[in-house]
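Here is how the chains run, residue by residue.
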Amino acid sequence: MTRLSVAEELESAADRIADMTRADLQIILRRASFMLRNVSGVPLEPTTADTLDSIAAEMKISRSDLIQIVLREWLETNAYLPVRTIDEESEIDGSA
C-alpha cells in the first residue's frame, strides 16, 4: 500500500464518515499511522532542494519522481543495477 493510496483511503473515509464502521475506521487509521511511522525523508541542503524543485517543475514531475529517476540512473550507470534493455523493434512516442 502506497502513501498515496492511504491518503486517498483517508479522504474517502472522511467523505463517508457516517457510513463507516468503527472497525473499518480503526483499520484505516492504523494503516495511516504505520505509513507515517515508517516515512523517512532525506535531508537536503537548501541549494540542492531548490535545484531539484526547479528541474522537477521544468520536467512537470514531482521532486520524489525526479529523485527516483536520478537515483535509478546513477545506480545503472555505476553497475549497481542492471541496465534496462530497450526493444529495438517497438515504437516509442518520445516521452519517458
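See the structure printed just above.
Residue indices begin from 1 for each chain and proceed along its sequence in written order. For this predicted model, a pLDDT threshold of at least 70 governs which residues receive local features, and a threshold of 80 or more governs which side-chain atom pairs are given and counted, while totals over whole chains, interfaces and linings are taken from all residues. With hydrogens and water excluded, all non-hydrogen atoms of the structure serve as input to the side-chain values.

A. Inspection of the pattern of salt bridges at higher detail. Only one rule defines a salt bridge in this text: a Lys or Arg side-chain nitrogen within 4 Å of an Asp or Glu carboxyl oxygen. Across all of its chains, the model carries two salt bridges by this definition. With a closest N to O distance of 2.9 Å, E9 and R31 form a salt bridge. Of this pair, E9 sits in helix α1 (residues 3-15) while R31 sits in helix α2 (residues 22-37), and the two are 22 residues apart along the sequence. Working definition: with a 1.4 Å probe on protein chains only, accessible area under 20% of the residue-type maximum means buried, over 50% means exposed, and in between means partly exposed. Judged by relative accessible area, which is 34%, R31 ranks as partly exposed. Across the pair D53 and R63 runs a salt bridge, and its minimum N-O distance is 3.5 Å. Residue D53 is found in helix α3 (residues 46-59), and its partner R63 is found in helix α4 (residues 63-77); the two are separated by 10 residues along the sequence. Taking relative accessible area as the criterion, D53 reaches 37% and is therefore assigned partly exposed. Judged by relative accessible area, R63 falls into the partly exposed class, the value being 32%. Under the scheme used here, helices are H or I runs from DSSP no shorter than 4 residues and strands are E runs no shorter than 2 residues, and both carry numbers assigned from the N terminus.

B. Up close: the environment of L75. With respect to the helices and strands, the residue L75 is situated in helix α4. Given the relative accessible area of 24%, L75 is considered partly exposed. Contacts: residue pairs with any heavy atoms within 4.5 Å of one another. Look past the residues within four positions of L75 in its chain and what remains in contact with it is Y80 and L81.

C. The packing of aromatic side chains, seen in detail. When the centres of two rings from Phe, Tyr and Trp lie within 6.5 Å, Trp using its six-membered ring, the rings pair. Their planes under 30 degrees apart give stacked, over 60 give edge-to-face, and anything left gives tilted. The full count for this structure, using the stated rule, is one aromatic pair. When the centroid spacing of 5.6 Å and the interplanar angle of 15 degrees are considered together, the rings of W74 and Y80 count as stacked. What makes Y80 exposed here is its relative accessible area of 58%.

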